[in-house]
Amino acid sequence: GDSKAATSVRAIDKANYDAMHKDYSESVDALQRAIAVLKKQAHDRPQAALAQVSALRSLSLIPADAKKTIDLFLAQQDPEGLEVSAPEAY
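Every chain begins its residue count from 1, and numbering advances along the sequence as written. Selection of residues for local features in this predicted model requires a pLDDT of at least 70, selection of side-chain atom pairs for listing and counting requires 80 or more, and totals for whole chains, interfaces and linings are taken over all residues. Side-chain descriptors were evaluated using all non-hydrogen atoms of the structure, hydrogens and water having been removed beforehand.

In terms of helices and strands, the protein chain carries three helices and zero strands. Reading the protein chain from its N terminus to its C terminus gives the helix and strand order α-α-α. Burial classes: relative accessible area under 20% of the type maximum marks a residue as buried, over 50% as exposed, and values in between as partly exposed (1.4 Å probe, protein chains only). Burial statistics for the protein chain: of 90 residues in total, 14% are counted as buried. The contact criterion used is simple: two residues touch if any of their non-hydrogen atoms lie within 4.5 Å. In the protein chain, of all internal contacts separated by at least 6 residues, the share reaching a separation of at least 24 is 43%. Surface accessibility follows the Shrake-Rupley procedure with a 1.4 Å probe radius. Residue values consider only the protein chains on display as shielding. Split by element, the accessible area of the protein chain, about 7200 Å² in all, is 58% carbon and sulfur. Each helix is a run of H or I in the DSSP string that is no shorter than four residues. Each strand is a run of E no shorter than two, and both are numbered from the N terminus.

Pasting the structure below:
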């Protein structure tokens, strides 16, 4: 009865905790790698840093508004260093 129900609830709670812990761990790891890349190689390889930042968009714990901010940031970047504009912009 109650003991089985409580055991079931604890099992569900543990599974939810394990999934959340894994997501948090992946998020922290991705952030640490992105920070390391930005610190070490930002001047040498901006594409690598942008790839790390771009990878954050796929993590489930990153809020939608943060993903939108990342998208806007990446849209401003020019990894090849080329500036191309539309003729009608002038």
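A few words now on the nonpolar core. Ranked by size, the top nonpolar core spans seven residues in total: Ala-30, Val-53, Leu-56, Leu-59, Ile-62, Ile-70 and Leu-74. Apart from residues lying up to four places away in sequence, Ile-62 is in contact with Leu-56, Lys-67 and Ile-70. Residues grouped as a nonpolar core are buried Ala, Val, Leu, Ile, Met, Phe, Trp, Tyr and Cys residues, joined through side-chain atoms within 4.5 Å.

The subject of this paragraph is the pattern of salt bridges. Only one rule defines a salt bridge in this text: a Lys or Arg side-chain nitrogen within 4 Å of an Asp or Glu carboxyl oxygen. All chains considered together, the criterion is met by three salt bridges. For Arg-33, the salt bridge identified is with Asp-29, shortest N-O distance 3.1 Å. Of this pair, Arg-33 and Asp-29 both sit in helix 1 (residues 2–41), separated by four residues, roughly a single helical turn. Look at Arg-33 and you get partly exposed, because its relative accessible area is 41%.

Attention shifts here to the confidence of the model for the protein chain. Predictor confidence is given residue by residue as pLDDT, running from a minimum of 0 to a maximum of 100. Mean pLDDT over the protein chain stands at 77; residues scoring 70 or higher make up 73%. Mean pLDDT in the protein chain bottoms out at helix 2 (residues 46–55), which sits at 67, and peaks at helix 1, which reaches 90.

Our focus in this paragraph is the side chain of Ser-27. As for its placement among the helices and strands, Ser-27 is situated in helix 1. By relative accessible area, which is 7% here, Ser-27 ends up buried. In contact with Ser-27, other than residues within four places in its own chain, are Leu-59 and Leu-61.

Bringing the environment of Ala-30 into the picture now. Summarising the element assignment, Ala-30 is placed in helix 1. Assessed through its relative accessible area of 7%, Ala-30 is described here as buried. Look past the residues within four positions of Ala-30 in its chain and what remains in contact with it is Gln-52, Leu-56 and Leu-59.

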